[in-house]
Structures are given as C-alpha cells and as structure tokens.
Amino acid sequence: MESRDQFPSFQHSLIPISKKKKNNNNNNQRRFSDEQIKQLESIFESETKLEPKKKIQLARELGLQPKQVAIWFQNRRARWKSKQIEQDFKNLRAEYDNLVSQFDSLKQEKDSLVLQVINTFRLLFFSLFYSIFSKYYFKSSRAS
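Only a predicted model underlies this, so the values are computations on that prediction, with no experimental measurement involved.

## Some words on the overall build of the protein chain
Helix and strand content of the protein chain: five helices and zero strands. For the protein chain, buried positions account for 10% of its 144 residues. Taking as baseline every contact in the protein chain between residues at least 6 positions apart, the subset at least 24 positions apart corresponds to 53%. Accessible area of the protein chain: about 13,800 Å², with a carbon and sulfur share of 56%.

In structure tokens, the structure reads:
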C-alpha cells in the first residue's frame, strides 16, 4: 500500500488568482477612441460581419490593426446576442405571465361552472325526489 507522502500536494502547486501578472500600461489606456467606436457602431448597424477586405479597409481608415477590428466586431456580436437573448427572455416571461393569468381565470371559471352543474343536479335530484315522494306520499295518505 502506498503512503500519502508519495503524492504531491495540490495546495502548493496552485497559484492564487490575485498573483496573476497585470500589465498596468494596457489597463490604463483606452483601446478605441470615441470617434472610432462611433464609426464601428455605425458600420455594425448595417453589417454585423465584415468581409476580410472590408475589415482591412476599415482598420486603415480608423488607424487600427485588422485583428482589433475583427475582435471588436466579435465582441460586439456577442453583446448583441446577449441583449437579444435577454429581450427574448423578457418577451417569453411576459407571455408566460399572461398565460398563467389566463389559466387562473379559466380555472376559476371552470370551478364556477362545475359548481353550477353540481347545484343544478342537486336541484333536479331534489325536485325529482320531491315529485316522486309527494306522489307516493299523497297516494298512500289518500288510500288510508
């Protein structure tokens, strides 16, 4: 049987997340100017994916690397999709809430109708019972 000392401890090999290297130079500067973002957003409204030639041309016009433009569009599509999913969820939630409300109303209406049917059957039963009982009772009481 092997002893526990033969296996390395994972605790010593893990590097805390807080000790990751940070490039403070990149974190403090903006990657895109406001004007570049406006132009990128404007183009994104008409076309969410760029052909390679269009990407290179746009990068030159904006003074960026084609890879920066490609990544910006990729990130923007991801944000757009996320917002679409969020909006779809809100719409589905509203439809669901509406259906739950309709279901509850229909259930109350059904319960009310069932009660009416039960009361109608009771009334019919007692009317029929009274009719039969009264004929029998009056017949037997006249015969006496």
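Back to the write-up after that little detour.
## Some details on the side chain of Arg76
When you line up the elements, Arg76 lands in helix α5 (residues 66-143). In this structure the side chain of Arg76 is engaged in a polar contact, spanning 3.0 Å, whose partner is the side chain of Glu41. Non-local contacts of Arg76, meaning those with residues more than four positions away in its chain, are made with Glu41 and Phe44.

## A look at the confidence of the model for the protein chain
Across the protein chain, the average pLDDT comes to 83, with 74% of residues at or above 70. Averaged over each element, pLDDT in the protein chain is lowest for helix α1 (residues 10-13) (45) and highest for helix α4 (residues 52-62) (96). The model gives residues 7-21 a pLDDT under 50, and that stretch makes one contact with residues more than four places away or in other chains.

## Re helix α3 (residues 34-46)
End to end, α3 covers 19 Å across 13 residues, agreeing with the expected 18 Å (1.5 Å per residue, within 8%). Burial in α3 covers these residues: Gln36, Leu40, Ile43 and Phe44. The arc that holds the buried residues of α3, viewed along the axis, is 105°, so those residues lie on one side. Exposed residues lying more than 90 degrees from the buried face of α3 are Lys38, Glu45 and Ser46.

## Points about the pattern of salt bridges
Proximity of charged atoms lets side chains of opposite charge pair with each other. In this structure the tally under the stated criterion is five salt bridges. With a shortest N-O distance of 3.0 Å, Glu41 and Arg76 are connected by a salt bridge. Here the residue Glu41 occupies a position in helix α3, and Arg76 occupies one in helix α5, the gap between them amounting to 35 residues. According to the relative accessible area criterion, Arg76 is buried, its value standing at 14%. A salt bridge links Asp111 to Lys110, with the shortest nitrogen-to-oxygen separation between them at 3.6 Å. Salt bridges sharing partners connect three or more residues here, namely Lys107, Lys110 and Asp111.

## Describing the nonpolar core
Phe32, Leu40, Ile43, Phe44, Leu50, Leu58, Ala59, Leu62, Leu64, Val69, Trp72 and Phe73 form the largest nonpolar core, which has 12 residues in total. Secondary structure elements with two or more residues in this core: α3, α4 and α5. Dropping the residues within four chain positions of it, Val69 is found in contact with Leu40, Leu50, Lys55, Leu58, Ala59 and Leu64.

The rules behind each value
- Residues numbered from 1 in each chain as written.
- Predicted model: local features only at pLDDT ≥ 70, side-chain atom pairs only at ≥ 80, totals over all residues.
- Heavy atoms only, no water.
- Helix = DSSP H or I, 4+ residues; strand = E, 2+ residues; numbered from the N terminus.
- Buried < 20%, exposed > 50% of the residue type's maximum accessible area, 1.4 Å probe, protein only.
- Contact = heavy atoms within 4.5 Å.
- Areas by Shrake-Rupley, 256 points an atom, 1.4 Å probe, with all protein chains shown as cover.
- Polar contact = N/O pair within 3.5 Å; in protein donor to acceptor, adjacent residues only side chain to side chain.
- pLDDT = per-residue confidence, 0-100.
- Expected span 1.5 Å × (residues − 1).
- Arc of directions from axis to C-beta.
- Salt bridge = Lys/Arg side-chain N within 4 Å of Asp/Glu carboxyl O.
- Core = buried A, V, L, I, M, F, W, Y, C linked by side-chain atoms within 4.5 Å.

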